[in-house]
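One letter stands for each residue in the lines below.
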Amino acid sequence: MAKCDVCRKDESMPYNCRHCGGTYCADHRLPENHDCSGLQNWNDPGGVFDSGFDESVNGGSGASTSKTASIADKVPIDTGPGGPLAYFRGNMTYTVLALMGITFLAQLLVGTFGSASLSRSLFVLTPQNPEYVWTWVTSIFAHGDIIHIAFNAIVIFFFGPLVERYVGSRDFLILFLVSGAVAGLSQVAIQIYQGPVLPGTGGVLGASGAALAIMGVLTILNPNLTVYLYMIVPVRLWMLAVGTALISVGFIGTGAGGAGGIAHAAHLVGLVIGLAYGAYIKRTKNVRTANQFQLGGGGGGPGGPGGPGGPGGRRRF
């Protein structure tokens with residue numbers, strides 16, 4: 001038995017909204033009946049879709065409609081309302097994971113057929129060349145090895161869809177890119193502050209800063225969510241966030257912000273960004289969390305803790 005989030009009526013067969021994660025009765029199951037936070041991501045604010053049977057919907061004849069048809073309309077593939085971009089709505093988490101895989105494959109190709117310096121200039125955010133602005137983005141999707149990308153992918157796979165439902169696909173992508181870039185730049189700044197960095201050494205790559213930002217948002221919106229640390233130990237999400245922060249602060253405080261090849265500064269900055277954004281979302285938006293969600297993903301995964309550093313002293317995050 002569950003209660004409707006709107007009218008609090010007991011429901012033996014509740015409806016779980018796939019856009020916002022809330023629980024509703026039959027009367028409030030439609031997004032427009034429970035002020036669904038996912039409505040802002042729909043490309044049809046008027047709530048009317050052209051069925052194709054009545055040409056007057058667009059205010060014109062069939063001839064004029066055919067003349068003004070977009071290229072997307074001429075593609076012999078039914079993409080549904082919203083066009084081809086509709087595929088990304090609600091699936092930005094999986095798009096990000098796919099881009100991580102594609103970037104990792106590109107790293108392997110460049111490493112095999114190119115040079116180490118070329119790979120470094122394309123995929124690693126370095127203290128020697130922080131002005132290479134493309135690495136602010138490529139370094140987020142690039143990773144040091146298969147274990148590194150696997151840990152980050154697990155965290156994003158399990159936490160990402162929940163956060164994306166709460167904030168929307170567009171804001172989720174912005175959060176991912178901004179937090180990842182700022183986390184990487186923060187780690188590089190510490191490397192520069194600590195002293196001269198030898199050519200070909202230092203630098204940072206990986207999606208852990210962005211992954212921890214995602215975890216930070218969810219920690220604010222749903223702190224008591226149960227996750228399984230290393231797939232075994234059940235812990236509350238807020239405990240995992242506190243533990244991660246304490247570890248990062250401890251290493252940074254002792255001057256070992258890159259100890260073990262792990263970018264602890266990037267971890268901490270990403271987590272703080274996520275916590276701050278989560279607090280903003282909770283204060284400004286009507287977000288309903290779903291405590292019944294149980295995540296079976298690696299809570300200890302952000303940043304691939306315990307892994308060695310990447311080639312040339314790069315910090316993985």
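Presented here is an overview of the structure given in this document. What you see is a predicted model, and the numbers here were worked out from it, not measured in a lab.

## Some points on the overall build of the protein chain
The secondary structure content of the protein chain amounts to 10 helices and 9 strands. Sorting the 317 residues of the protein chain into buried and exposed places 41% on the buried side. Of all intrachain contacts in the protein chain linking residues separated by at least 6 positions in sequence, the fraction that spans at least 24 positions is 69%. Surface summary for the protein chain: the accessible area is close to 15,900 Å², and the carbon and sulfur share equals 65%.

## Here's the deal with the packing of helix H7 (residues 169–193) against helix H10 (residues 264–284)
Across the interface, H7 lies against H10 with an axial gap of 8 Å and an inter-helix angle of 145°. Where H7 crosses over H10, the two elements pack in a sense that is right-handed. Facing Asp171, Leu175, Ser179, Val182, Ala183, Ser186, Gln187 and Ile190 of H7, the residues of H10 in contact are His264, Ala265, Ala266, Val269, Gly270, Ile273 and Tyr277. Of the residues contributing to the contact of H7 with H10, the split by class is 9 nonpolar, 5 polar and 1 charged.

## Examining the packing of helix H3 (residues 92–113) against H7
Close contact between H3 and H7 brings their axes to 9 Å; oriented N to C, the two are set at 35°. Along its contact with H3, which presents Met92, Thr93 and Val96, the element H7 presents Ser169, Phe172, Leu173 and Phe176. Broken down by class, the residue content of the contact of H3 with H7 amounts to 5 nonpolar, 2 polar and no charged.

## Description of unusual backbone geometry
One non-glycine residue, Arg8, adopts positive backbone phi at about 65°. Here Arg8 is to be found in the loop between strand S1 (2–3) and strand S2 (10–11).

## Re the pattern of salt bridges
The full count for this structure, using the stated rule, is 2 salt bridges. Among the salt bridges present, the one from Lys9 reaches Asp27, with a minimum N-O distance of 3.9 Å. Here Lys9 is found in the loop between S1 and S2, whereas its partner Asp27 is found in the loop between strand S4 (23–24) and helix H1 (62–67), with 18 residues between them in sequence. In this structure Lys9 comes out as partly exposed when scored by relative accessible area, which is 38%. Judged by relative accessible area, Asp27 falls into the exposed class, the value being 53%.

## A few points about the environment of Asn33
Positionally, Asn33 belongs in the loop between S4 and H1. On a C-alpha basis, the gap between Asn33 and Val6 in space is 9.1 Å, while along the polypeptide they are 27 residues apart. Excluding its chain neighbours within four sequence positions, the residues that come into contact with Asn33 are Asp27 and His28.

What counts and how
- Residues numbered from 1 in each chain as written.
- Predicted model: local features only at pLDDT ≥ 70, side-chain atom pairs only at ≥ 80, totals over all residues.
- Heavy atoms only, no water.
- Helix = DSSP H or I, 4+ residues; strand = E, 2+ residues; numbered from the N terminus.
- Buried < 20%, exposed > 50% of the residue type's maximum accessible area, 1.4 Å probe, protein only.
- Contact = heavy atoms within 4.5 Å.
- Areas by Shrake-Rupley, 256 points an atom, 1.4 Å probe, with all protein chains shown as cover.
- Axes fitted to C-alpha atoms, helices over the stretch in contact; angles between N-to-C directions.
- Left-handed = near helix turned anticlockwise from the far one by under 90°.
- Nonpolar A, V, L, I, M, F, W, Y, C, P; charged D, E, K, R; others polar.
- Salt bridge = Lys/Arg side-chain N within 4 Å of Asp/Glu carboxyl O.

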